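Here is how the chains run, residue by residue.
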Amino acid sequence: VGEPPQDDVGVGGHGTGSGRWTVGRPYCSGMRYRYVVRIGPEDVGQRVVVRWRRPAPGGDEVADVVGPLEAADERRFAVRNRRGELVEIPRDRALAAKVIPPR
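Now for a description of the structure that goes with this document. Because the structure is predicted, anything quoted here is derived from the model rather than measured.

Right, let's get into the pairing of strand 3 (residues 76-80). Summarising the sheet, strand 2 (residues 61-72) and strand 3 pair through 3 bridges and their orientation is antiparallel. Considered in strand 3, the bridge of Leu69 is made with Val79. Adjacent in sequence and paired antiparallel, strand 2 and strand 3 are bridged by 3 residues. For strand 3 and strand 4 (residues 86-90), the ladder comprises 5 bridges, and the chain directions are antiparallel. Each bridged residue has a counterpart across the sheet, and for Val79 the counterpart in strand 4 is Val87. A loop of 5 residues connects strand 3 with strand 4, the two strands running antiparallel in sequence, and Gly84 in this loop sits at a positive phi of about 85 degrees.

Our focus in this paragraph is the environment of Asp64. Inspection of the secondary structure puts Asp64 in strand 2. Judged by its relative accessible area of 42%, Asp64 is partly exposed. Taking the C-alpha atoms as reference, Asp64 lies 6.4 Å from Trp52; in sequence the two are 12 residues apart. A polar contact is formed between the side chain of Asp64 and the side chain of Arg51, at a distance of 2.7 Å.

On to the pattern of salt bridges, then. Summed over all chains, the structure comprises 8 salt bridges. Close ionic contact of Arg53 with Asp60 constitutes a salt bridge, the shortest N to O distance being 3.2 Å. By relative accessible area, Arg53 is classed as partly exposed at 29%. With a relative accessible area of 42%, Asp60 lands in the partly exposed category. Asp73 is the salt-bridge partner of Arg75, the closest N and O atoms lying 3.8 Å from each other. When its relative accessible area of 57% is taken as the criterion, Arg75 is described as exposed. Owing to a relative accessible area of 22%, Asp73 belongs among the partly exposed residues under this scheme. Here the salt bridges share partners, and the residues they tie into one network are Arg53, Asp60 and Arg93.

Attention shifts here to the nonpolar core. Ranked by size, the top nonpolar core spans 14 residues in total, and within it Ile39, Val50, Trp52, Leu69, Phe77 and Ile89 carry the most contacts. Mapped by element, the contributors of at least two residues to this core are strand 1 (47-54), strand 2, strand 3, strand 4 and strand 5 (94-99). The leading source of residues in this core is strand 2, at 4 residues. When neighbours within four sequence positions are excluded, Ile39 is seen to be in contact with Val48, Val50, Leu69, Phe77, Arg91, Ala97, Lys98 and Val99.

One can find Pro101 in the segment after strand 5. Look at Pro101 and you get exposed, because its relative accessible area is 59%. Here the alpha-carbon distance between Pro101 and Arg47, two residues 54 residues apart in the chain, equals 6.7 Å.

Rules used in this analysis
Residues numbered from 1 in each chain as written. Predicted model: local features only at pLDDT ≥ 70, side-chain atom pairs only at ≥ 80, totals over all residues. Heavy atoms only, no water. Pairing = 2+ DSSP bridges. Helix = DSSP H or I, 4+ residues; strand = E, 2+ residues; numbered from the N terminus. Buried < 20%, exposed > 50% of the residue type's maximum accessible area, 1.4 Å probe, protein only. Polar contact = N/O pair within 3.5 Å; in protein donor to acceptor, adjacent residues only side chain to side chain. Salt bridge = Lys/Arg side-chain N within 4 Å of Asp/Glu carboxyl O. Core = buried A, V, L, I, M, F, W, Y, C linked by side-chain atoms within 4.5 Å. Contact = heavy atoms within 4.5 Å.

Rendered as structure tokens:
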């Protein structure tokens, strides 16, 4: 969004840095993130995090669910959250997912 700032302009325009945090100028780092679903049936029993589009009033919202993967197939994932609730996530609503270390 916008032009990158000039290299010789720092915070507050003092000429002290890369200009990354220059006040009043739009900046885009150019970083791109790619969401990938990296879990499947072979990961049942592992602790996972799943980022998904959860239906909500007024439109979908992005939410994360962390916990043990209890089921996974071609249609859905089932993750037990920290409150003990089984959250069923339709596979087509999963944006990203991966196995994470145990607590």
